[in-house]
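For reference, the chains in residue letters:
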Amino acid sequence: MAIAEGTVTVTVDARGLSCPMPIVKTAQAVRSLPSGALIEVLATDPGSVKDFAAWSRSTGNELVSQSVDGPVHRFLIRRK
């Protein structure tokens, strides 16, 4: 998927998962990617908004953008 911020390297589908699984699945995906890679995360857990903001601050990975479409939260994260 081409977007203004770059090209998504991988999409993590965490829809239907509760905390902490969206973060766990994202952390696993990030480990296998090179620096600068763009990760798209789809999650339905409303707590994921605060979780991804905190996770990005603590890991140094950049939360490029976040949006919501109905029950689905979409996060774009750039690997540090």
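Participant: Which parts of the structure should I look at to understand the overall build of the chain?
Facilitator: The secondary structure content of the chain amounts to 2 helices and 5 strands. Helices and strands in the chain line up, N terminus first, as β-β-α-β-α-β-β. For the chain, whose C-alpha radius of gyration is 11 Å, the value lies close to the compact-globule estimate of 12 Å for 80 residues. Dimensions of the chain along its principal axes, counting C-alpha atoms only, are 25 × 25 × 20 Å. Residue burial in the chain is summarised as follows: out of 80 residues, 34% are buried.

Participant: Would you mind showing me how to read the pairing of strand 2 (residues 6-14) here?
Facilitator: Where a strand is regular, its side chains alternate between the two sheet faces. Examined bridge by bridge, strand 2 and strand 3 (residues 38-43) share 6 bridges and lie parallel to one another. Within strand 3, the residue paired with Val 12 across the bridge is Val 41. Tracing the backbone out of strand 2, into helix 1 (residues 21-31) and back to the parallel element strand 3 gives a crossover that is right-handed.

Participant: Even after reading the chapter, I still don't get helix 2 (residues 48-59), so can you show me in this structure?
Facilitator: If you check helix 2, its first and last C-alpha atoms are 16 Å apart, about what 12 residues at 1.5 Å a residue would give, namely 16 Å. Along helix 2, the residues that are buried comprise Ser 48, Phe 52, Trp 55 and Ser 56. All buried residues of helix 2 lie within an arc of 100° about the axis, which places them on one face of the element. Exposed side of helix 2, more than 90 degrees from the buried face: Lys 50, Arg 57 and Ser 58 are the residues found there. On the buried face of helix 2, the contacting elements are helix 1, strand 3, strand 4 (62-69) and strand 5 (72-78).

Participant: Before we go on, may I ask you to explain the pattern of salt bridges in this structure?
Facilitator: Close approach of charged atoms allows side chains of opposite charge to pair. Summed over the entire model, instances satisfying the criterion amount to 2 salt bridges. The partner of Arg 74 in a salt bridge is Glu 40, and the shortest N-O contact between them spans 2.6 Å. Placement of the pair is Arg 74 in strand 5 and Glu 40 in strand 3, with a sequence separation of 34 residues. Classification of Glu 40 by relative accessible area gives buried; the value is 6%.

Reading the values: the criteria
Residues numbered from 1 in each chain as written. Predicted model: local features only at pLDDT ≥ 70, side-chain atom pairs only at ≥ 80, totals over all residues. Heavy atoms only, no water. Helix = DSSP H or I, 4+ residues; strand = E, 2+ residues; numbered from the N terminus. Rg over C-alpha atoms; globule rule 2.2 N^0.38 Å. Buried < 20%, exposed > 50% of the residue type's maximum accessible area, 1.4 Å probe, protein only. Pairing = 2+ DSSP bridges. Right-handed = clockwise from strand over helix to strand, strands pointing away. Expected span 1.5 Å × (residues − 1). Arc of directions from axis to C-beta. Contact = heavy atoms within 4.5 Å. Salt bridge = Lys/Arg side-chain N within 4 Å of Asp/Glu carboxyl O.

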